[in-house]
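Below are the chains, spelled out letter by letter.
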Amino acid sequence: MTDVTRAEIERMANLARLDIDDETLSGLVPQIRRILEFVSRLDAIDADGDRLEHPWLSERTILPLRRDEVRPPVLHGQLHDVAPAFREGFFVVPRLEAMDDE
């Protein structure tokens, strides 16, 4: 099991400026240990080229990996290409009936 102490969890919480009560902190210690133990199992993965094989799957199972590609964000293009309606520099959205006064 990966060893993480309560003091280390408290330190991380302080660095992240999280106010965690004692009861929650006590529960975090075993949870974070399990997470770290699971992540450490990733070292066993043999990722070679564009295919992935690992011991958790049968020998016949091969998972294809997607290529890492940098893509521009959706809003990188013209705004009118992603908005249903665009007028005078603003998105035009349909009025919600719930917002109407009765």
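Residues numbered from 1 in each chain as written. Predicted model: local features only at pLDDT ≥ 70, side-chain atom pairs only at ≥ 80, totals over all residues. Heavy atoms only, no water.

## Quick word on the overall build of the chain
Helix and strand counts for the chain come out as 2 helices and 5 strands. Across the chain, helices and strands are ordered from the amino to the carboxyl terminus as α-α-β-β-β-β-β. In the chain, which comprises 102 residues, the share counted as buried stands at 8%. (Helix = DSSP H or I, 4+ residues; strand = E, 2+ residues; numbered from the N terminus. Buried < 20%, exposed > 50% of the residue type's maximum accessible area, 1.4 Å probe, protein only.)

## Comments concerning the packing of helix H1 (residues 6-15) against helix H2 (residues 22-40)
It is at 9 Å that the axes of H1 and H2 come closest, and there the two elements cross at 110°. The pairing of H1 with H2 is recorded here as roughly perpendicular in orientation. Read as a crossing pair, H1 and H2 show a hand that is right-handed. Facing H1, whose interface residues are Arg6, Ile9 and Glu10, H2 presents Asp22, Leu25, Ser26, Leu28, Val29 and Ile32. Residues belonging to the contact of H1 with H2 are distributed by class as follows: 5 nonpolar, 1 polar and 3 charged. (Axes fitted to C-alpha atoms, helices over the stretch in contact; angles between N-to-C directions. Parallel < 35°, antiparallel > 145°, perpendicular 65-115°, else oblique. Left-handed = near helix turned anticlockwise from the far one by under 90°. Contact = heavy atoms within 4.5 Å. Nonpolar A, V, L, I, M, F, W, Y, C, P; charged D, E, K, R; others polar.)

## Here we look at the packing of aromatic side chains
One pass over the structure, following the stated rule, counts 1 aromatic pair. Between phenylalanine 86 and phenylalanine 91 the ring centres are 5.4 Å apart and the planes differ by 75°, which places this aromatic pair in the edge-to-face class. (Phe/Tyr/Trp six-rings, centres within 6.5 Å; stacked < 30°, edge-to-face > 60°.)

## Here we look at the pattern of salt bridges
Using the criterion set out here, one finds 3 salt bridges in the structure. Residue aspartate 3 is joined to arginine 33 by a salt bridge in which the shortest nitrogen-to-oxygen separation is 3.8 Å. Here the residue aspartate 3 occupies a position in the segment before H1, and arginine 33 occupies one in helix H2, the gap between them amounting to 30 residues. Owing to a relative accessible area of 62%, aspartate 3 belongs among the exposed residues under this scheme. The exposure class assigned to arginine 33 is partly exposed, which follows from its relative accessible area of 24%. Residues arginine 6 and glutamate 10 are paired through a salt bridge, measuring 3.7 Å at the closest nitrogen-oxygen approach. Remark: glutamate 10 and arginine 6 occur in helix H1; sequence separation between them is 4 residues, near one turn of the helix. With relative accessibility at 32%, the residue glutamate 10 sits in the partly exposed group. Among the charged side chains, a salt-bridge network with shared partners connects Arg6, Glu10 and Asp22. (Salt bridge = Lys/Arg side-chain N within 4 Å of Asp/Glu carboxyl O.)

Nothing here speaks to function; it is geometry throughout.
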